Amino acid sequence: MATLTPPKQALKMLLIDKVQQIPGVSHTPWPERDDGFSTLHFQNKEIGHFHNFQEIDLRLGRKLIKAEGLTHYTDSKNHPNRSANSIFMERRFANKKEVEDIVRLIKLAVEAP
């Protein structure tokens, strides 16, 4: 009998599959963790990490964050006191549209000069 991937994990796996298609982007699982934590790298530099199966913390840079009009979550459990000027931005995903938007943001971040 095949093991079914829970929906929350399926969205994370979809996101990982899509971002690994971006040249230079890789995913590093942390097998000792069962909470969904893992990291994304671009050319061996961390560009983000998953807090769990439905939230990622991305290194987008201030310029991209401002250009996209992104704001920090007021109910953040992992970074409740994060500076408004941080180069990192948490993004949550609960559906394929939100996954696609995160992929778009990652592409913009790695293509930025």
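Scoring rules and cut-offs
- Residues numbered from 1 in each chain as written.
- Predicted model: local features only at pLDDT ≥ 70, side-chain atom pairs only at ≥ 80, totals over all residues.
- Heavy atoms only, no water.
- Phe/Tyr/Trp six-rings, centres within 6.5 Å; stacked < 30°, edge-to-face > 60°.
- Core = buried A, V, L, I, M, F, W, Y, C linked by side-chain atoms within 4.5 Å.
- Buried < 20%, exposed > 50% of the residue type's maximum accessible area, 1.4 Å probe, protein only.
- Helix = DSSP H or I, 4+ residues; strand = E, 2+ residues; numbered from the N terminus.
- Pairing = 2+ DSSP bridges.
- Axes fitted to C-alpha atoms, helices over the stretch in contact; angles between N-to-C directions.
- Salt bridge = Lys/Arg side-chain N within 4 Å of Asp/Glu carboxyl O.

(A) Inspection of the packing of aromatic side chains at higher detail. Within this structure, the stated rule accounts for 2 aromatic pairs. With a centroid separation of 5.0 Å and 90° between ring planes, the pair formed by Trp 30 and Phe 37 is classed as edge-to-face.

(B) Structural detail: the nonpolar core. Grouped together as the largest cluster of nonpolar side chains are 24 residues, with contacts concentrated most on Leu 15, Val 19, Leu 60, Phe 93 and Ile 106. If you list the elements that add at least two residues to this core, you get α1 (7-19), β2 (38-42), β3 (45-50), β4 (55-59), α2 (62-68) and α3 (96-111). Take this core: its biggest share by element is 6 residues, from α3.

(C) Structural detail: the sheet that holds β4. As summarised here, the arrangement of the 5 strands in space is β1-β2-β3-β4-β5, forming an open sheet in which the pairing is antiparallel. In this open sheet, the two strands that pair with only one neighbour each are β1 (25-29) and β5 (88-92). Averaged over all neighbouring strand pairs, the angle between strand axes comes to 25°, with direction disregarded. Bridge analysis of β3 against β4 gives 3 bridges, and the strand direction is antiparallel. Directly across from Gly 48, in β4, lies its bridge partner Leu 58.

(D) Layout of the pattern of salt bridges. For the structure on display, the rule yields 7 salt bridges. Among the ionic pairs, Asp 35 bridges to Arg 33, the shortest N-O distance being 2.7 Å. By relative accessible area, Asp 35 is classed as partly exposed at 30%. Ionic pairing is found between Asp 101 and Arg 104, a salt bridge with its closest N-O pair at 2.8 Å. Taken together, the residues span about one helical turn, with Asp 101 and Arg 104 both in helix α3 at a distance of 3 residues.

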